[in-house]
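Examination of the molecular architecture
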Amino acid sequence: MVILLHLVFFASGLSALVFETLWFRQAGLAFGNSVWASSLVLSSFMAGSAIGNLIAARIGDRPGRPLRAYAGLEVIVGVSGALLVYALPHAGVALAPAFGPLLELPLLLNATRVATAFGLLMIPSAAMGMTLPFFTRALSASHPSFGVVLGRLYGWNTLGAVAGVLATEFLLVARLGVRGTALGAATVNLVLAVAVASLGGLQPDPEPARARATSARPPARKPGTWGPAWPWLTVAGISGFCLLALEVLWFRVLLMVVHGHSEAFAIMLAVVLAGIACGGILGAAWLRRAPAAVSRTASLAFLSALLVSASYYGLGLMGARLDAALVTAPLEIARLAIPLMLPVSTLSGVLFTFTASALKERYQQASTTTGWVVCINTLGGALGSLAAGFLLLPLLGMERSLFAVALVYAAVGALLLFATPAARPSGYVCGTLAVAALAAFPFGTMRDVLLQVPLKRLSAQWGPRAPLGSGSPEIAAVREGTTDTVTYFRVPFLGRPLFHVLWNNAVPMADTEWESRRYMKEYVYWPLAVHPGPRRALLIAYGVGNTAQALTESRTLASIDVVDISKDVLDMSRFVHAGADPLQDPRVRVHVEDGRFFLQTTKERYDLITSEPPPPASAGVVNLYTLEYFRLLREHLNEGGVVAYWLPIHALSDRATQSIVGAFCQAFVDCSLWHGIGSELMLVGTQGLRGPVSDEHFARQWRDPAALDELSRLGLERPEQLGALFIGDAEFLAQIAAGTDPVVDDFPKRVARRSAADGDHLINALFDVSAARGRFQRSALIARLWPRRYIDASLPYFDVQARINAYSFGRSSIEDVHDLLTQTDLRTPIEWLLGSNGDAGRVVDAVTPEVRATPVAQYHLGIRFLADRRYDDAATAFARAATLQGAGSQVFGLQMFALAMAGRTAEAQQAVHARIARIGGSSPQLRAEEQSPFWRFMRLTFGIERR
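Just so we're clear, the structure is a prediction, and the values are computed from it rather than from any experiment.

**Notes on the overall build of the protein chain**
- Of regular secondary structure, the protein chain possesses 41 helices and 12 strands.
- Against the 2.2 N^0.38 benchmark of 30 Å for 947 residues, the protein chain shows a C-alpha radius of gyration of 33 Å, consistent with a compact globule.
- On the principal axes, the C-alpha backbone points of the protein chain span a range of 115 × 60 × 45 Å.
- The buried share of the protein chain, reckoned over its 947 residues, is 61%.
- Restricting to contacts in the protein chain with at least 6 residues of sequence separation, those with at least 24 account for 79%.
- If you average the places of the 80 positive and of the 71 negative side-chain charges in the protein chain, the two averages end up 9 Å apart.

**Quick look at the packing of aromatic side chains**
- The full count for this structure, using the stated rule, is 44 aromatic pairs.
- The rings of Trp526, Trp674, Phe698, Phe726, Phe776, Trp786, Tyr790 and Phe798 are connected pair by pair, giving a single aromatic cluster.
- Sitting over the face of the ring of Phe892, Arg915 holds its NZ or CZ atom 4.8 Å from the ring centroid.

**Examining the side chain of Thr21**
- Positionally, Thr21 belongs in helix H1 (residues 2-31).
- In contact with Thr21, not counting residues within four places along its chain, are Val165 and Thr168.

**Points about the nonpolar core**
- In terms of nonpolar packing, the biggest core is built from 208 residues, with Phe630, Trp786 and Phe897 touching the most fellow members.
- Among the elements that make up this core, the one with the highest residue count is helix H16 (residues 514-530) (10 residues).
- In contact with Phe630, other than residues within four places in its own chain, are Leu624, Tyr625, Tyr645, Ile660, Ala663, Phe664, Ala667 and Phe668.
- The next biggest cluster of nonpolar side chains, apart from the first, holds 97 residues, and it includes Ala138, Leu150, Val327 and Tyr409.

**Topic: unusual backbone geometry**
- With an omega of 0°, the peptide bond running from Gly691 to Pro692 counts as cis.
- Position of Pro692 relative to the elements: it lies in the loop between strand S11 (680-686) and helix H23 (695-698).
- Of note, the phi angle at Leu494 is positive, near 55°, even though the residue is not glycine.
- Position of Leu494 among the secondary structure elements: in the loop between strand S2 (485-493) and strand S3 (496-504).
- With a phi close to 60°, Asn505 is a non-glycine residue in the positive phi region.
- Considering the arrangement of structural elements, one finds Asn505 in the loop between S3 and strand S4 (507-511).

**Considerations on the side chain of Asp511**
- Among the secondary structure elements, Asp511 is positioned in strand S4.
- Among the residues examined, Asp511 registers a relative accessible area of 12% and is labelled buried.
- From its side chain, Asp511 meets the backbone nitrogen of Glu513 in a polar contact 2.9 Å long.

**So, the state of the cysteines**
- For the structure shown, the criterion picks out 1 disulfide.
- One disulfide in the model links Cys665 with Cys671; its S-S distance is 2.1 Å. Its S-S torsion of approximately 100° makes the covalent link between Cys665 and Cys671 right-handed. Like Cys671, Cys665 is buried.
- Not part of a disulfide, Cys242 finds its nearest cysteine sulfur in Cys430, a span of 17 Å.
- Cys242 provides the cysteine sulfur closest to Cys375, a residue in no disulfide bond, and the two sulfurs are 18 Å apart.

**Considering the environment of Val408**
- Relative to the helices and strands, Val408 is located in helix H12 (residues 366-419).
- C-alpha separation for the pair Val408 and Ser808, spaced 400 residues apart in sequence, amounts to 53 Å.
- Ignoring anything within four residues of it in the chain, the contact list for Val408 reads Ile238 and Cys242.

**What to know about the sheet that holds strand S9 (residues 637-648)**
- Reading across the sheet, the 8 strands line up as S7-S6-S5-S8-S9-S11-S10-S12 and stay open at both edges, with mixed pairing between neighbours. Each of the sheet's edge strands pairs with one partner strand only, and the pair in question is strand S7 (588-592) and strand S12 (726-728). Put simply, the sheet's adjacent strands are angled 20° from each other on average, direction ignored.
- Note that strand S10 (residues 672-677) and S11 share 5 bridges and pair antiparallel. By the bridge assignment, Leu673 is partnered in S11 with Leu683.

**Brief notes about the pairing of S4**
- Pairing geometry for S3 and S4, over 4 bridges, is antiparallel. Of the residues in S4, the one forming a bridge with Asn504 is Val507.
- Adjacent in sequence and paired antiparallel, S3 and S4 are bridged by 2 residues, among which Asn505 carries a positive phi angle near 60°.

**Focus: the packing of helix H10 (residues 297-320) against H12**
- With their axes 7 Å apart at the nearest point, H10 and H12 run at an angle of 165° to one another. As the angle between them shows, H10 and H12 are arranged roughly antiparallel. Relative to H12, H10 is oriented so that their crossing is left-handed. Taken together, the residues of H12 that come into contact with H10 (itself represented by Thr297, Ala298, Ala301, Phe302, Ser304, Ala305, Val308 and Tyr312) are Glu399, Leu402, Ala406, Tyr409, Ala410, Val412, Gly413, Ala414, Leu416 and Leu417.
- By residue class, the composition of the contact of H10 with H12 is 14 nonpolar, 3 polar and 1 charged.

**Quick word on the sheet that holds S4**
- If you trace the 4 strands from one edge of the open sheet to the other, you get S1-S2-S3-S4, paired in antiparallel fashion. Edge positions in the sheet fall to strand S1 (474-480) and S4, since each has one partner strand and no second. Adjacent strand axes in the sheet meet at a mean angle of 25° when their direction is disregarded.

**Remarks on the pairing of S10**
- The element S10 is largely enclosed, with a buried count of 6 among its 6 residues.
- Counting the residues between successive antiparallel strands, the hairpin from S10 to S11 contains 2 residues, one of them, Gly678, with a positive phi of roughly 60°.
- Relative to S12, S10 runs antiparallel, the two being bridged by 2 bridges. Considered in S12, the bridge of Leu673 is made with Gly728.

**Here we look at the pattern of salt bridges**
- Counted under the stated rule, the structure contains 41 salt bridges.
- The salt bridge involving Asp670 is made with Arg784; its shortest N-O contact spans 3.1 Å. Taken as a pair, Asp670 in the loop between helix H22 (654-667) and S10 and Arg784 in helix H29 (residues 780-785) lie far apart in primary sequence, 114 residues in all.
- For Asp670, a relative accessible area of 11% corresponds to the buried category.

**Thoughts on a nonpolar patch on the surface**
- A surface patch of nonpolar side chains, about 410 Å² in accessible area, is lined by Ile3, Leu4, Leu7 and Trp156.
- For the nonpolar patch, the element with the highest residue contribution is H1, accounting for 3 residues.
- Looking at where Leu7 falls in the secondary structure, it is placed in helix H1.
- Take Leu7: its relative accessible area is 47%, and that puts it in the partly exposed class.

**Focus: the confidence of the model for the protein chain**
- Averaged over every residue, the pLDDT of the protein chain is 89; the share at 70 or more is 95%.
- Per-element averaging of pLDDT across the protein chain places helix H7 (residues 206-216) at the bottom with 45 and S12 at the top with 98.
- Scored below 50 in pLDDT, residues 208-222 makes 14 contacts in the model with residues more than four places away or belonging to other chains.

**Considerations on the environment of Val693**
- Its place among the elements puts Val693 in the loop between S11 and H23.
- On the basis of relative accessibility, which here comes to 11%, the residue Val693 falls in the buried class.
- Beyond its immediate stretch of four places on either side in the chain, Val693 contacts Ala529, Val530, His531, Pro532, Phe698, Leu785 and Pro787.

Rules behind the numbers
Residues numbered from 1 in each chain as written. Predicted model: local features only at pLDDT ≥ 70, side-chain atom pairs only at ≥ 80, totals over all residues. Heavy atoms only, no water. Helix = DSSP H or I, 4+ residues; strand = E, 2+ residues; numbered from the N terminus. Rg over C-alpha atoms; globule rule 2.2 N^0.38 Å. Buried < 20%, exposed > 50% of the residue type's maximum accessible area, 1.4 Å probe, protein only. Contact = heavy atoms within 4.5 Å. Lys, Arg positive; Asp, Glu negative; His and termini not counted. Charge placed at Lys NZ, Arg CZ, Asp CG, Glu CD. Phe/Tyr/Trp six-rings, centres within 6.5 Å; stacked < 30°, edge-to-face > 60°. Lys NZ or Arg CZ within 6 Å of the ring centre and 35° of its normal. Core = buried A, V, L, I, M, F, W, Y, C linked by side-chain atoms within 4.5 Å. Polar contact = N/O pair within 3.5 Å; in protein donor to acceptor, adjacent residues only side chain to side chain. Disulfide = S-S within 2.5 Å. Pairing = 2+ DSSP bridges. Axes fitted to C-alpha atoms, helices over the stretch in contact; angles between N-to-C directions. Parallel < 35°, antiparallel > 145°, perpendicular 65-115°, else oblique. Left-handed = near helix turned anticlockwise from the far one by under 90°. Nonpolar A, V, L, I, M, F, W, Y, C, P; charged D, E, K, R; others polar. Salt bridge = Lys/Arg side-chain N within 4 Å of Asp/Glu carboxyl O. Patch = residues over 30% accessible without salt bridge, like charges linked within 9 Å, V, L, I, M, F, W, Y side chains within 5 Å. Areas by Shrake-Rupley, 256 points an atom, 1.4 Å probe, with all protein chains shown as cover. pLDDT = per-residue confidence, 0-100.

So, in structure tokens, the structure goes:
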């Protein structure tokens, strides 16, 4: 029977963590995923659990059959838990009118959130809190050691929690959906209730059994054996505080090298829970062999301080060996998480067991002891989680916060050493070791190792496509904020910043490089071209401010709302946009809030809504890609309003792309898909937008000199090019999404990251420019919105778009450059194909004459002259760049190309022969050049021979 009851409590822990995971997911829909909302929901749950502990402490030892009472609690948890999963999203909608007026009053808004969350979570969380005290009472009556019983139950229940969090994340939600998983967890609770009620009928009232057991066993320890109660209650609270604070800090530290998708959080939480479970079982086994082991509690606290320092040092050693790839695989995440978190978590489980065992002699009754210890521990944990997020991280940063928690552990050891009858010799030894570890704390690991990992990744990603002469990326600014670690990297060029890159933790979120600006500003350029008179705009997710900058550059918009979940990201905007911060525009209103919660609670409507959220597979971001969310966007559009939305197909599996497209097109019947740059695409939907606008209105952005300068740098030199970005309208997207279910709130796992199993079929369909041109000509949407003149004028630019796509995927050639030079009047795509861009050109114009004369600057000037069809000037500039280190062959080839385009083929032929004679015709370098596509093109097009 005891074995069965341990298995029951394992299953109970599994169900409890399934419910907790689902509640927090659903609470994000109801209250938002902002750091305040998430923290307040967690605190509400833990407060409810603590109240359950207190109730159990008061009534748990009354005469009766505790197993039957426990069975009733399981029924309450199962029924109320499942109802809560169903009710939370509806509660958010129902309470939206109450939340809306409080959006600009954060204190009142958060107070309302916590009151609401506490009220909704109270019944199931309190019932969960009561289960351990009742179960402990049921089993401790027949066992001589309360600590052994509690440790085993605590350990097995927490092992069940490990299974619950992993099963929910990796199996149940994907197969059953959120609500189906909730029904499955409720079924487990009801089955357990029936089973335990049956067993409870076989179990007598534990009070007589306890009396018989007491008379048959040696006298219990006298009260006071382990000293007064207050130090132990203090330890219960502080150990809970430390572990939950460490959990927040550990997660943040690991997120510097690990991709923060939901699976990563599940693995990290599972490691912490596994450590606690092992600690409970280990503590029980230790007490069974040596009941006086409680005297080692001070030593355990000191060892915890030591291990906080040692595990962080170990992570630094592992981080130094990481390559440039982002850690995403579950086993790799576990490999980093286990040595960092498992040792201290295990000691925390032992500390809990020993603390409860010491207090049992004071309170005598099992339920009273368990209830009080768990209550104090839970409240300490709630405070630790809040303190870590809102005090330690903003004030001290990750590294010093870890050191502070280690100091607190050492203080706990000192308290026990001097306030209780602890084993002084071992305590002093462990205390000395802890002091030594704190003195040797590995300060600098964050700066010298962990921050270097994203820098290494950025260098690997940027290097192959960097303009010739760019410097290595360097750290420009770091802020360890409440929600994330915001890092700005600077990429230098000729001694000046070329652009900046924003990283949140280990993931690049946005940058100010031209490719990102192109697709992010397209979210504004496209609606402004086709909307007859946009006045109000909403931007959800700020990033580095590219889209916000495009909004503020528009003279037609009268009001711009910017919503972002991270205050730190918004604050750091000033670092990038010094002197031109779009957030300082008087039309801009900033809201630090979850974007979905903002839309759910505001009554405002807009002419334009756009967004550049984090990658869809990141934890919590899927809420911004579901059918319900897209419908929410549509509901907040004025008549004729436009939504322009990011679709990063490089970060999504084919099926996820199809599911998101299907969801978007269910919300917007006139949905369409457009090129941005490379695999960064744009979904567009409207609220009954009619047109077409006049030719003058469509092209007015290109008549604004300030706007035209940026449009040209981003490769949109003419308004006709806007139409050539077209991929397909609703008819085509229905074919793309056919056979897949849309992403909905109930099935968030339909969004998955791209893997090697995804082929090229979908990408080939989306990037077939010839087919897109035909669809553009036949599209009813285009006929409705595009001026007739610009439909016809856009058709030749589909060939240009094909060459831009080829460049984005590394497949462009000198033949593409030649065709652009001879068949169009465009210049920007030519610069791109040759390895330069308008940003590099702007730096070249800003440097001193001495710097402009260097080979690097002359190389980029040569490309600019070539794009301007100034072929003689280009040849001269390339000749001056001939000594460019590591690129001599490339520069020489472009010089010959410029001479040939200038009609100076004989001069080019002589220069080729002179170079062959100088280097030696049989050299491996020249033999390789002879076979290159470039020189084959030069021979076939201009007759320039290599012999």
